[in-house]
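# Survey of secondary and tertiary structure
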Amino acid sequence: MVYTTTPQTVRPEAQTPSLHSQTHKSRSDNKMNKLVVYEHPDFKGLSQEFTDDVHDLVALSFDNTISSLEVFGQPWILYEHQFYRGNVRVYEEGRYNFTKGFNDVISSMKLIQDNLSNPRIILYEHINYQGISRTFTQETNLTFGDMNDKASSHVVQGGVWVLYEHPNCEGHRIVAKKGECVPDYRSLNFNDRVSHIRPLKSGKPTIKKVTILWDEAKTESKQQTIDEIISENQTPHEQAFTAGQSISKEVTISQSLTFSQSSQITLGSTFKISSGVDMFGIQADMSLELKMELQLGFQVEKGKAESKTTTIKREFTLPAKVPPKTRLKIRVVQEQVTYDLPVEMEVWIGSEMKREMANLRCNDGSKITLNYSSDQL
């Protein structure tokens, strides 16, 4: 039988403080962490969804029934018996089919809500943290080093680890969490048996809230002549305007998002940036089209084109007549306005919330004006 480790007295070095001062943990907010279990393989049959620990699946009429499952967000520990006892398996974000070994044997489940960043474990050669020690921060096959089948105690200083009896994550296993020090593997029937270790990983980050910081926004504007129309009437009589009655110009509005270099948002993460636009400050100067773009929302998928361009038309009616002995000049002027908008994002990684910054850059070239001037000939 293999059991999860039980809390022991925590040594001083195991109380390393978190390095993420802007991180907020919420154990009650598990909306982004869930487990969906199915009666049959290939995600078929009866199903149930869980967001919190379940100590007894008998009470929910789903005991010894699970044959496939889906994990969203944080990993889950699944136990062979009720009240978190017996053989264990740990599943990170993904979809799993049970074809052998653990099919139809699960009776209780736990959601791992621990901070999984900065994993760190110290293995000791002898019980009570004596003998040779080795510190690990990533998945390791111990058969390639000098600690294979030698560990007798451990201290976890960060993350949650799975310790395996055999290489390549095979054989019996125990789950070790930060703050749980195990001074003697003999109590777990695991002494001198560890050959592979790996830290658990959170699922993909979830962007829960995106806020445009209007008070910190910056703008830059420049004008350029994009067309010029000249018509001369050298006669003493009024003449029809030779350029026609109207002009039409295509202009663009573009939006692009730049993530911070330290962003933990992974490829494929999607979210929407949107804002209700009031009539104050920078927002009041935006074109109606750009305001609508922000109200509808800018959909972003990291790793793909994190930009959007909209093409619109502007049409203007020109004067129908040119006065006698007059040169009429019409300049078509475009004002290109660039808005740099800081964006604050609440990024949830498992049960941890971190605030990240990004920059939304909007280029608005939709403002077109006609400047008229005339000279006597």
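Above this text you will find the structure in question.
Residues numbered from 1 in each chain as written. Predicted model: local features only at pLDDT ≥ 70, side-chain atom pairs only at ≥ 80, totals over all residues. Heavy atoms only, no water.

## Quick look at the nonpolar core
With 39 residues, the main nonpolar core has Leu257, Phe271, Ile273, Leu341, Met345 and Leu360 as its most contacted residues. Among the elements that take part in this core, strand E24 (residues 326–349) stands out by supplying 10 residues, more than any other. Those residues in contact with Met345, other than ones at most four positions away along the chain, are Ile207, Lys209, Val210, Phe259, Ile265, Phe271, Lys354, Arg355, Glu356, Met357 and Ala358. (Core = buried A, V, L, I, M, F, W, Y, C linked by side-chain atoms within 4.5 Å. Buried < 20%, exposed > 50% of the residue type's maximum accessible area, 1.4 Å probe, protein only. Helix = DSSP H or I, 4+ residues; strand = E, 2+ residues; numbered from the N terminus. Contact = heavy atoms within 4.5 Å.)

## Observations regarding the environment of Arg134
By secondary structure assignment, the location of Arg134 is in strand E10 (residues 130–136). When the C-alpha positions of Arg134 and Ala151 are compared, they lie 9.5 Å apart, and in sequence the two are 17 residues distant. Each residue touching Arg134, except ones within four places of it in the same chain, is listed here: Ile121, Ile122, Leu123, Asp146 and Met147. Reaching out from Arg134, the side chain makes a polar contact with the side chain of Asp146 at a distance of 2.6 Å. (Polar contact = N/O pair within 3.5 Å; in protein donor to acceptor, adjacent residues only side chain to side chain.)

## Some thoughts on unusual backbone geometry
Here the phi dihedral of Tyr129 falls at roughly 60°; this positive angle occurs in a residue that is not glycine. Residue Tyr129 is classed as buried on the basis of its relative accessible area, which comes to 15%. The phi dihedral of Asn189 is positive, around 55°, even though this residue is not glycine. Residue placement: Asn189 occurs in the loop between strand E14 (170–177) and strand E15 (196–199). Look at Asn189 and you get exposed, because its relative accessible area is 51%.

Geometry only, nothing functional implied.
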